[in-house]
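# Structure assessment
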Amino acid sequence: LGVSEYLPDLMKKNVFETHFCLHEKREQKELKQSWARWSACFRGQPITNVRNYLGENVALYFLWLGWYTFLLIPASVIGLVVFLYGLAFYSTSPLMLNIVICADTVCFGSHVQVSLLFDNEGTVAFAMFMAVWATVFLEFWKCHRSSYVSAWKVFDWCEEEEELILEIVNNAHCEPKMHRHSYLRSTIVLLLVIIGLTHVLVVSRVIATVLLAENSTWQVITENSQTVAVMLGAVLHYITITVMTQVKAHKPPTVCQRMDGCLNFVLIKSYFFCLLFTIRVSSNLCFRINGHPGGYVRISGKWRLEECHPSGCLTDLFIQLSIIMVLKQTFNNIFEYSDLHRNYSLIKTDRFSLFNEFLEMVIQFSFTTIFVAAFPLAPLLALLNNIIEIRLDAIKMVSLERRLVPMKANDIGVWTDVLEAIGVLAVIANGLVIGISSDFIPRLVYQYFYGPCASGSATGIDGINVTHCSYRDYRSNEDFSLTNQYWVILAARLVFIILFEHVVVIFKCVASWFVPTSPLDVTNERLYDKLRRLKEELRSVTRAYTL
């Protein structure tokens, strides 16, 4: 065989049909009994045994997933407490109970208090907690990982050097394969796709709202056409994510398991969609791009741009995130498990099989942290999903798939950078959601500057029922111009965003400083190993000179 005829080339020429590792019955049986079965959901994972059978690459995935699931427990408990807090004070809020919102010729009642389930003081504290939690999770993960990779003697292993050695063994005159990837071009294309998809989702919701309000034969849909349109938009977004997940970026030329050039663009698309949604909601709230009574902005002169939910913009975001997370986690696991059991022969695996598992979990991590201010139950749903996901992936890799080719690794690679980027986005997005999209700041301004409690003379506040049609904005009743109260609230929103992000960033920096990258015993052990290796090398050099 020529030096250029590697196994992939021979497979393309149909010299070989396929290649894969065989399962070893004894080790496979042991993993099935101790790990890869449903009855072991609440047991610890035998990570070292997984590493011995499937390699460091797979073992680090399960180690990371287990650590992520474990740290979701406190986040889930606090998120549930925040939600129950909103539920407990839901019926006792002094805010008005009902208002009537008019959308052109259609007027319908709405419960303003709906948003209080997740738009309250507890949500602000929980959003700050989750932003810091993301950093603490990553820093403790690095510390947790180092203990295992040090024990496996791969702490200082370098993937690129090993690949170059393999190239040299096959061809002594080989040249390094240069990285060719245009991040600028990919970013521009990505932004255009995201903006296009966002417009499609917005337009579809606008049209659906009008059609449901005018043509539906069911009164409940007619009266809640906007909410139903939001739900349909969330389903459409879930379908979009599912379809785009199947579109992969160009695969890198080497078996580099970091897969820097292979990040599925649906991952980044999800982040940008979240930011674009916030910007759109914020612009609706602050600058009213959809117009006002007597001057609405319409698509093709017919369909009026959508308003936020009568109870607040945060309700829209809560509905969308809850539907997307429930659908994604439920259907992904059902389809994955059903697909595995439809196959009588073991399913083919490749080097991107683990990439898909990481991608699914990282997307979940982004939804759990970026908009937790709008959906405090996200950590709880993620925790319940991950308990199932760990055993589902274990059963799949041990029993239902061909054995993955064991690959060395000492980290989860580029996914660490992605998770750190998500942590930064979580600070920005949660600050925007609370400061601009929610009604937390307007309530504070009203309480301390405009409300009956501002002077300190009010003894109690009773709920007020408004029986006439109203418009949700800070505008004059005469000419619909913006009032002074609008500018005061806008200034308070901007001040809150700046303070929120600075305080959270300080806490994140302090957390990252105080958590060591490696435990002290691991650091000392590595120092001892280096000293021993250097002594052996020195003795070898001394003997060579002596001879």
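From a predicted model like this one, the values you see are computed outputs, not experimental measurements.

### Considerations on the overall build of the protein
- Regarding its fold elements, the protein presents 17 helices and five strands.
- Within the protein, the proportion of its 547 residues that are buried is 46%.
- Looking at the protein alone, contacts between residues at least 24 apart form 81% of all its contacts between residues at least 6 apart.
- When the accessible area of the protein is evaluated, it comes to approximately 28800 Å², of which 65% is carbon and sulfur surface.

### Section: the packing of aromatic side chains
- Under the criterion given, the structure shown has 19 aromatic pairs.
- Their ring planes at 10° and their centres at 5.6 Å tell us that Trp133 and Phe137 sit as a pair that is stacked. Of this pair, Trp133 and Phe137 both sit in helix α5 (residues 121–151), four residues apart, roughly one helical turn. Like Trp133, the residue Phe137 is buried in the burial classification.
- Look at Tyr486 and Trp487: their rings are 4.8 Å apart centre to centre, the planes differ by 80°, and that puts the pair in the edge-to-face class.
- What links up through ring pairs into an aromatic cluster is the set Trp35, Tyr61, Phe62, Trp64, Tyr68, Trp133, Phe137, Phe358, Phe365 and Trp415.
- For the cation-ring pair, Arg145 lies above Phe155, with the distance from its terminal atom to the ring centre recorded as 5.8 Å.
- For the cation-ring pair, Arg403 lies above Tyr53, with the distance from its terminal atom to the ring centre recorded as 4.1 Å.

### Focus on the nonpolar core
- Membership of the largest hydrophobic core comes to 96 residues, with the highest contact counts inside it found for Phe62, Trp64, Tyr68, Trp133, Phe137 and Leu419.
- Here Phe137 is in contact with Trp64, Trp67, Tyr68, Leu71, Phe365 and Leu419, once residues within four sequence places are set aside.

### Topic: a nonpolar patch on the surface
- Judged by side-chain polarity, Tyr446, Tyr448, Phe449, Tyr450 and Val488 come together as a nonpolar surface patch covering roughly 570 Å² of accessible area.
- The element that contributes the greatest number of residues to the nonpolar patch is helix α15 (residues 440–450), accounting for four residues.
- With respect to the secondary-structure elements, Val488 resides in helix α16 (residues 484–514).
- Residue classification places Val488 among the partly exposed residues on the basis of a relative accessible area of 36%.

### Details of the pattern of salt bridges
- One pass over the structure, following the stated rule, counts 14 salt bridges.
- A salt bridge links Glu56 to Arg51; the nearest nitrogen and oxygen atoms lie 3.0 Å apart.
- Exposure remark for Glu56: the relative accessible area of 7% places this residue in the buried category.
- Here Arg51 falls in the partly exposed class, since its relative accessible area comes to 21%.
- Between Arg532 and Asp529 there is a salt bridge whose closest N-O contact spans 3.1 Å. Of this pair, Arg532 and Asp529 both sit in helix α17 (residues 520–546), three residues apart, roughly one helical turn.
- Classification of Arg532 by relative accessible area gives partly exposed; the value is 41%.
- Within the structure, one salt-bridge network assembled from shared partners comprises Lys153, Glu525, Asp529 and Arg532.

### As for helix α4 (residues 56–88)
- An ideal rise of 1.5 Å per residue puts 48 Å on 33 residues; α4 measures up with 48 Å between its terminal C-alpha atoms.
- Along α4, the sharpest change in direction is near 30° and occurs at Ile73; proline Pro74 comes one to four residues later.

### Some words on α16
- The first and last C-alpha atoms of α16 sit 46 Å apart over 31 residues, in line with the 45 Å expected at 1.5 Å per residue.
- Turning to α16, its buried residues number three or more, namely Tyr486, Ile489, Leu490, Arg493, Phe496, Ile497, Phe500, Val504, Lys508 and Ala511.

### Brief notes about the side chain of Ser146
- Mapped onto the elements, Ser146 comes out in helix α5.
- Setting aside residues up to four positions removed in sequence, Ser146 forms contacts with Phe155, Thr517, Ser518, Pro519 and Val522.

### Focus on the environment of Ala208
- In this fold, Ala208 is placed in helix α7 (residues 183–215).
- Overall, the relative accessible area of 16% leaves Ala208 in the buried class.
- Through-space distance from the C-alpha of Ala208 to that of Ala229 is 5.7 Å; in sequence the pair is 21 residues apart.

### Concerning the packing of helix α2 (residues 25–34) against helix α3 (residues 47–54)
- Running from N to C, α2 and α3 point in directions that differ by 150°, and their axes come no closer than 11 Å. Compared by their axis directions, α2 and α3 come out roughly antiparallel. Remark: the crossing between α2 and α3 carries left-handed chirality. Listed contacts from α3 to Glu27, Gln28 and Leu31 of α2 are Asn49, Val50 and Tyr53.
- Partitioned by chemical class, the residues of the contact of α2 with α3 number three nonpolar, two polar and one charged.

### Topic: the confidence of the model for the protein
- Looking at the protein as a whole, the pLDDT averages 75, with 73% of positions reaching at least 70.
- Averaged pLDDT values over the elements of the protein bottom out at 47 in helix α10 (residues 265–286) and peak at 92 in α4.
- Predicted confidence for residues 105–110 stays below pLDDT 50, and this span has 21 contacts to residues more than four positions away or in other chains.
- In this model, residues 278–287 is a region of pLDDT below 50 whose contacts with residues beyond four sequence positions or in other chains number 28 contacts.

### A word on the environment of Leu138
- Position of Leu138 relative to the elements: it lies in helix α5.
- In this structure Leu138 touches Leu419 and Glu420, once residues within four positions along its chain are discounted.

### Structural notes on the environment of Phe367
- In this fold, Phe367 is placed in helix α12 (residues 353–370).
- The spatial distance from the C-alpha of Phe367 to the C-alpha of Ser322 is 9.9 Å, given a sequence separation of 45 residues.
- When near neighbours in sequence (up to four residues on either side) are disregarded, Phe367 contacts Ile241, Leu321, Ile324, Met325 and Ala378.

Each value, and the rule that gives it
- Residues numbered from 1 in each chain as written.
- Predicted model: local features only at pLDDT ≥ 70, side-chain atom pairs only at ≥ 80, totals over all residues.
- Heavy atoms only, no water.
- Helix = DSSP H or I, 4+ residues; strand = E, 2+ residues; numbered from the N terminus.
- Buried < 20%, exposed > 50% of the residue type's maximum accessible area, 1.4 Å probe, protein only.
- Contact = heavy atoms within 4.5 Å.
- Areas by Shrake-Rupley, 256 points an atom, 1.4 Å probe, with all protein chains shown as cover.
- Phe/Tyr/Trp six-rings, centres within 6.5 Å; stacked < 30°, edge-to-face > 60°.
- Lys NZ or Arg CZ within 6 Å of the ring centre and 35° of its normal.
- Core = buried A, V, L, I, M, F, W, Y, C linked by side-chain atoms within 4.5 Å.
- Patch = residues over 30% accessible without salt bridge, like charges linked within 9 Å, V, L, I, M, F, W, Y side chains within 5 Å.
- Salt bridge = Lys/Arg side-chain N within 4 Å of Asp/Glu carboxyl O.
- Expected span 1.5 Å × (residues − 1).
- Bend = angle between axes of the 7 residues up to and from the residue.
- Axes fitted to C-alpha atoms, helices over the stretch in contact; angles between N-to-C directions.
- Parallel < 35°, antiparallel > 145°, perpendicular 65-115°, else oblique.
- Left-handed = near helix turned anticlockwise from the far one by under 90°.
- Nonpolar A, V, L, I, M, F, W, Y, C, P; charged D, E, K, R; others polar.
- pLDDT = per-residue confidence, 0-100.

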